[in-house]
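Chain by chain, the residues run as shown.
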Amino acid sequence: MITITLNVNGATHKVNVRPGESLLSALRLGLGLTGAKEGCGEGDCGACTVIIDGRTVDSCIYPAGEAQGKKVRTVEGLASNGKLSPLQEAFVEHGAVQCGFCIPGMLMSATALLERNPKPSEAAIRLGLSGNLCRCTGYAKIVEAVRAAASPA
Amino acid sequence: MAAMKQIIVEGKTYTVEDESAALQGEGGTMLAPWGKNETLKYVGKRFPKKVAREKVTGEAKYAYDVQLPGMLHARVLRSSHANAKLLDLETSAAEKLPGVRAVLSHKNAGKQPWDRERAVFKDHVRLIGDDIAAVAADTEQIADDAVRLIKVKYEVLPHVIDVREAMRPGAPKLQPYGNIWEGKPKVYERGDLAKGFAAADVVLEETYTTSEQHHACLEMHGCVAHWQNGMLTVWDSTQGVHLTRDLLALKLRLPISKVRVLNEHLGGGFGSKNGVKEYHVIAAMLSRATGSPIRLFLDRFETFLLSSHRPLTIQKIKAGFKKDGALTAIDYEVIGRGGAWNDRGMYWAAPAVGSPTNELYKCPNLRTTNIPVHTNLSSPGACRGPGNTENLFALEQFMDEAAEKLDLDPIALRLKNFTAVYQPKNEPYFSNGLRESYEAAAKTFGWQRRKPKSTVEGTKRRGIGMSAVHWHGFEGEPSQALVTIYPDGTVEVNVGIANLGVGAQVIFAQIAAEEIDVPLEMVRVAYGDSAGTPYTINSSYGSRTTFQGGPAVRMAAADAKQQLIALAAETLKVPVADVQYAGGVFAAKSQPEKKANFKEVTGKLGWMQGRHLLIGKGKRLPNPAGRKVDIFGAQMVEVEVDTASGNVKVLRAVLAHDSGRPINTLTYESQVQGGFIQGLGMALYEERILDAETGVQLNANYHEYGCPTALDIPDQVTVVPIETHDLSNNINAKGLGEPPVTGAGGAIANALYNATGVRIRDYPITPSKVLQALRAAV
Ligand code: FES
Ligand code: FES
């Protein structure tokens with residue numbers, strides 16, 4: 001075991017990891033942050049998406065050690081003081097959530113997208129979410145929620 | 001004695017049970033179905049799901065997220081041969097690995113049976129992936145390493161993967177009765193087939209194949225089990241806490257009271273998470289052996305390989321038509337690929353396929369032959385809209401082909417063969433919104449603009465197509481619910497269901513709020529725990545959760561309300577019959593100045609007032625006898641086919657669904673959209689590609705398997721609810737979850753034909769098949 005320091009959602013944590021342990025595993029098992037999900041562990045589904053220094057990353061294939069000295073953001077950091085972010089609010093209001101297992105990853109991809117591009121086109125939204133699989137909703141309401149949360153054109 | 005009445009359907013008289021009497025509740029509570037034009041406050045409106053908040057913050061806990069103090073991690077050693085006897089099994093190296101806490105196999109746990117023909121740990125494996133041994137260790141990594149240290153010596157036996165090969169004489173025989181399940185095909189017949197074909201003006205015969213679609217739930221299959229002081233608690237990724245509890249008790253020979261199953265949130269099921277699999281029993285056994293909680297989840301590869309899938313089917317349809325389109329005869333045969341073991345998967349392989357052929361169109365002379373075939377593979381299972389989806393993908397293309405041959409509009413041909421009667425039992429349907437679905441879909445879509453053939457030249461061709469939607473309803477199995485009213489006016493609905501996330505909680509809250517007439521925010525729903533919830537549904541399959549549980553919830557709410565009125569009478573010191581309730585206020589009809597608001601009355605409850613809480617009990621009664629519930633709809637799509645690449649892109653879809661009364665129009669839309677996209681995936685991309693030699697799935701990962709992404713969906717997916725007034729139960733609901741998958745294949749294939757003039761009868765419709773067909777056509 002190696003002890004590393006992670007900055008997650010603005011707070012600094014010491015966490016013990018195995019050599020080669022993924023960031024997802026460190027978050028979930030080491031820090032008890034189970035918001036980021038594991039749908040495959042192979043970098044294919046996006047359920048584990050977190051934002052590292054402004055960019056989305058599949059945390060299941062990202063070594064925990066690599067995240068030292070960087071700013072990691074997870075779904076747990078989106079709401080502040082119990083107030084949902086506009087994007088989270090839109091996901092609820094627009095019925096974008098079914099089973100919800102893809103949603104933490106979806107929200108992180110959408111958050112990064114809107115930070116990069118506050119007024120994305122329909123095509124840009126779809127492209128921005130294309131790394132995140134959802135097996136339940138058929139994406140229509142997810143895309144609608146992101147569109148609604150984007151700043152008014 | 002139930003009151004009977006006579007109804008006339010399509011000119012014939014049927015004797016059926018009267019719904020108002022049949023749906024009378026306990027103690028005589030009258031709970032007739034809501035009226036057709038009844039004004040409802042909460043039912044039929046859009047409400048976001050109550051639990052969505054926890055899901056967008058990441059707080060929602062799934063079985064996959066459960067971490068308990070001292071929890072160990074388990075992995076399973078699986079067979080690497082498709083048919084083999086174990087000559088030797090050496091586990092000592094695994095046992096010695098530091099961090100390993102238990103190793104189980106047939107050597108030390110051989111007596112634990114799985115079903116009538118196999119043990120949990122096999123000494124004769126019949127497919128790649130069969131369970132041989134399991135390890136519990138401090139970490140998943142150690143468990144994985146330990147599994148690799150187990151040495152197995154096999155005696156390899158002949159096996160068969162291909163379904164046609166398995167049917168040939170001389171193929172390796174997988175069961176004592178041969179490779180066709182239980183020895184012979186299952187045949188259903190009515191009328192006189194020869195006479196029917198003799199009367200036909202046009203006879204058409206075609207063969208279609210559908211692929212093995214995988215459920216591909218985002219949350220993998222598994223559980224956390226803790227056996228402590230003789231009590232087994234399981235946090236399970238399941239569609240039904242009661243069914244898992246009952247089956248675990250049965251398999252482990254435990255009293256039901258000693259098993260508790262929890263599911264707060266489920267990350268997808270679609271039919272693959274009903275009941276128990278070997279991993280449940282293995283986790284429980286490892287927990288008993290170690291005294292620690294055990295976490296055992298399949299990984300993504302194992303999930304693709306073993307968690308079940310839609311069967312591969314080969315369907316031959318032969319039908320005779322009169323010139324005007326009337327069907328005179330159908331001869332249908334389906335061969336379905338089953339697994340190696342004699343289990344329920346064999347039912348899903350073929351016997352479950354074919355009900356649309358039997359039921360959807362009026363046809364007096366018909367034969368259906370179902371041939372489920374054993375192969376050395378894992379068993380298929382129920383996959384959203386099981387059987388009907390496979391069948392409609394074929395049948396609805398066939399109807400389009402027939403319409404062209406008969407020179408009829410595809411909708412006109414379907415309408416010509418419309419039936420309001422469930423033919424296998426000669427019972428009228430409670431409701432059949434098929435005609436209304438065609439009409440509404442056509443209008444919204446602009447169907448009249450369809451040209452028989454695309455006239456566009458060039459590489460981008462557009463076409464439109466449609467399919468009927470069909471799913472079978474249920475008879476109304478026993479279902480119970482409780483509604484508790486607390487002193488502060490909070491209403492708690494208590495139901496024994498898991499949480500699939502499609503909105504049952506908010507729907508049950510709406511129903512209780514409607515019946516009692518309280519604001520929706522005051523209603524909470526308790527669920528997800530087999531201990532302390534009534535038996536609302538064994539497991540959420542068959543699109544039944546609302547249809548089963550909803551009427552029981554409404555009855556429990558009505559019972560609670562009646563008790564509340566009695567309490568109000570006591571408070572107001574007037575007779576019960578004198579109390580009326582509206583807008584949150586109880587008042588005496590005779591003296592309107594005598595009144596008390598909701599909370600004043602509920603404030604009389606509870607121990608501080610020396611009173612019990614108020615508990616309303618409800619149960620669902622069977623549907624009134626003599627009629628059938630079925631679910632219908634129509635789907636229309638426009639596609640663009642790139643003739644250079646073979647790509648088929650669905651541009652827009654209109655989905656008209658008759659599921660009785662829509663309870664929540666927001667969750668309704670989402671269910672229909674999501675279901676249709678699963679169907680689109682099956683139509684265009686998804687299939688388990690197996691190595692012909694070994695049966696190992698070659699694309700057992702999300703990257704290669706091909707679930708649709710946000711880039712693959714139509715620009716517009718319009719949902720049109722068709723509200724039929726169904727009288728089978730007191731909330732007029734029929735079910736919605738599965739039907740949306742069923743129409744996608746037919747609609748897309750027909751639109752492809754409309755665009756290009758080529759037919760692909762072999763799903764999925766991949767670009768290479770399209771290109772090949774286009775080349776063959778010129
Ligand atoms: S869990 Fe990381 S991409 Fe699927
Ligand atoms: S909501 Fe279930 S996977 Fe997206």
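How each quantity is defined
- Residues numbered from 1 in each chain as written.
- Chains lettered and ligands numbered in written order.
- Predicted model: local features only at pLDDT ≥ 70, side-chain atom pairs only at ≥ 80, totals over all residues.
- Heavy atoms only, no water.
- Axes fitted to C-alpha atoms, helices over the stretch in contact; angles between N-to-C directions.
- Helix = DSSP H or I, 4+ residues; strand = E, 2+ residues; numbered from the N terminus.
- Parallel < 35°, antiparallel > 145°, perpendicular 65-115°, else oblique.
- Left-handed = near helix turned anticlockwise from the far one by under 90°.
- Contact = heavy atoms within 4.5 Å.
- Nonpolar A, V, L, I, M, F, W, Y, C, P; charged D, E, K, R; others polar.
- Buried area = accessible area lost by both parts, 1.4 Å probe.
- Salt bridge = Lys/Arg side-chain N within 4 Å of Asp/Glu carboxyl O.
- Polar contact = N/O pair within 3.5 Å; in protein donor to acceptor, adjacent residues only side chain to side chain.
- 1 Å grid on protein atoms, 1.4 Å probe; cavity = no way out; pocket = protein on both sides within 12 Å on 5 of 7 lines; lining within 4 Å.
- Points joined across faces, edges and corners; volume = space filled by probe spheres on them.
- Domains from an automatic or database assignment.
- Pairing = 2+ DSSP bridges.
- Buried < 20%, exposed > 50% of the residue type's maximum accessible area, 1.4 Å probe, protein only.
- Phe/Tyr/Trp six-rings, centres within 6.5 Å; stacked < 30°, edge-to-face > 60°.
- Lys NZ or Arg CZ within 6 Å of the ring centre and 35° of its normal.
- Expected span 1.5 Å × (residues − 1).

Right, let's get into the packing of helix α3 (residues 103-116) of chain A against helix α4 (residues 122-129) of chain A. Residues and elements named next belong to chain A. Direction vectors running N to C along α3 and α4 enclose 135°, while the axes themselves pass 9 Å from each other. Considered as vectors, α3 and α4 are oriented oblique to each other. The two elements α3 and α4 cross, and the hand of that crossing is right-handed. Contacts from M106, S109, A110 and L113 of α3 reach α4 at A124, I125, G128 and L129. Of the residues assigned to the contact of α3 with α4, the class counts are six nonpolar, two polar and no charged.

Interfaces are often sized by the amount of accessible area the parts lose when they come together. Residue-level contacts link 44 residues of chain A with 53 residues of chain B. Of the roughly 4,200 Å² buried between chain A and chain B, counting both surfaces, carbon and sulfur atoms make up 58%. On the chain A side of the interface with chain B, the three residues burying the most area are Q98, R126 and R135 of chain A, jointly 21% of the side's total. Where chain A touches chain B, the interface holds four salt bridges. Between R135 of chain A and E686 of chain B there is a salt bridge, with its nearest N and O atoms 2.6 Å apart. Viewed at the interface, chain B and chain A are joined by 24 residue pairs in polar contact (both at pLDDT 80 or more). Of all the secondary structure elements, the ones that give two or more residues to the side of chain A that touches chain B are α1 (23-30), α2 (86-93), α3, α4 and α5 (140-149) of chain A. The residue makeup of the side of chain A that touches chain B, split by class, is 21 nonpolar, 12 polar and 11 charged.

A separate point is empty space enclosed by the protein. All names here are of chain B. As enumerated under the stated definition, the model contains five cavities of 30 Å³ or more in all. Roughly 60 Å³ of internal volume is contained in the largest cavity. Lining the largest cavity are L127, I128, L305, N376, L377, S378, R688, T694 and G695. Residues that form the lining of the largest cavity fall into these classes: four nonpolar, four polar and one charged.

We now examine the domain arrangement of chain B. All names here are of chain B. The domains assigned to chain B are domain 1 (64-157 + 216-306), domain 2 (162-214 + 308-406), domain 3 (420-474 + 626-778) and domain 4 (476-620). With centres defined by C-alpha atoms, the gap from domain 1 to domain 4 works out at 40 Å. Facing 18 residues of domain 1, the contacting portion of domain 4 comprises 18 residues. Summed over both partners, the interface of domain 1 with domain 4 buries about 1,400 Å², with 47% contributed by carbon and sulfur atoms.

Moving on, we come to the sheet that holds strand β8 (residues 151-156) of chain B. Through backbone hydrogen bonds, the strands of a sheet pair up, either in parallel or in antiparallel fashion. All names here are of chain B. Across the sheet, which stays open at both edges, the three strands sit in the order β6-β4-β8 with antiparallel pairing between neighbours. The strands lining the two open edges of the sheet, one partner per strand, are β6 (124-125) and β8. For strand β4 (residues 84-90) and β8, the ladder comprises six bridges, and the chain directions are antiparallel. In the sheet register, K85 faces β8, and the bridge partner there is E155.

A few words on the pairing of β4 of chain B. Direction of pairing for β4 of chain B relative to β6 of chain B: antiparallel, over a ladder of two bridges. Within β6 of chain B, the position partnered with A84 of chain B by the bridge is V125 of chain B.

Now for the pattern of salt bridges. Residue and element names in this part refer to chain B. Going through the model one piece at a time under the given rule, you end up with 53 salt bridges over all chains. For D299, the salt bridge goes to R75, with nearest N and O atoms at 3.1 Å. Taken together, the residues span a long stretch of sequence, with D299 in the loop between β14 (294-297) and α10 (300-306) and R75 in strand β3 (residues 72-78) at a distance of 224 residues. The shortest N-O distance in the salt bridge between E404 and K453 comes to 3.4 Å. Of this pair, E404 sits in helix α13 (residues 388-406) while K453 sits in the loop between α15 (434-445) and β20 (460-472), placing them 49 residues apart in sequence. Judged by its relative accessible area of 44%, K453 falls in the partly exposed class.

We now examine the layout of surface pockets. Of the pockets and cavities examined, the second largest pocket occupies roughly 1,400 Å³. Those elements that place two or more of their residues in the lining of the second largest pocket are β2 (11-17) and α1 of chain A together with β3, α5 (140-149), β14 and α10 of chain B. Here the residues of the lining of the second largest pocket sort into 21 nonpolar, 14 polar and 15 charged.

Our focus in this paragraph is the sheet that holds strand β23 (residues 523-526) of chain B. All names here are of chain B. Strand order in the open sheet made by the four strands is β23-β22-β21-β27, with mixed pairing throughout. Whereas interior strands pair on both sides, the edge strands pair on one side only; in this sheet they are β23 and β27 (614-620). Going across the sheet, the axis of each strand differs from the next one's by a mean of 20°, ignoring polarity. Relative to β23, helix α16 (residues 504-516) is tilted by about 135°, and along the sheet it contacts β21 (479-485), β22 (491-494) and β23. Contacts between helix α17 (residues 545-572) and the sheet are confined to β21, β22 and β27, with β27 contributing the most and set at about 145° to the helix.

Moving on, we come to the packing of aromatic side chains. Both the distance between ring centres and the angle between the ring planes are used here to describe each pair of aromatic rings. Tallied over the entire structure, the rule returns 14 aromatic pairs over all chains. With centroids separated by 6.4 Å and ring planes inclined at 35°, the aromatic side chains of Y42 of chain B and F47 of chain B adopt a geometry described as tilted. Following the ring pairs from residue to residue traces out a cluster consisting of F101 of chain A together with Y62, Y64 and F297 of chain B. The ring of F418 of chain B carries R435 of chain B above its face, with NZ or CZ at 3.9 Å from the centroid.

So, on to the environment of E155 of chain B. Residue and element names in this part refer to chain B. Its place among the elements puts E155 in strand β8. Owing to a relative accessible area of 36%, E155 belongs among the partly exposed residues under this scheme. Among all residues touching E155, those that are not within four sequence positions of it are N83, A84, K85 and L87.

Below, the discussion takes up α16 of chain B. Residues and elements named next belong to chain B. A rise of 1.5 Å per residue sets the reference length of α16, with its 13 residues, at 18 Å; its end C-alpha atoms lie 18 Å apart and thus fit the reference within 8%. Here α16 lies mainly inside the structure; 13 of its 13 residues are buried. Within two residues after α16, D517 carries a phi angle of roughly 70°, on the positive side.

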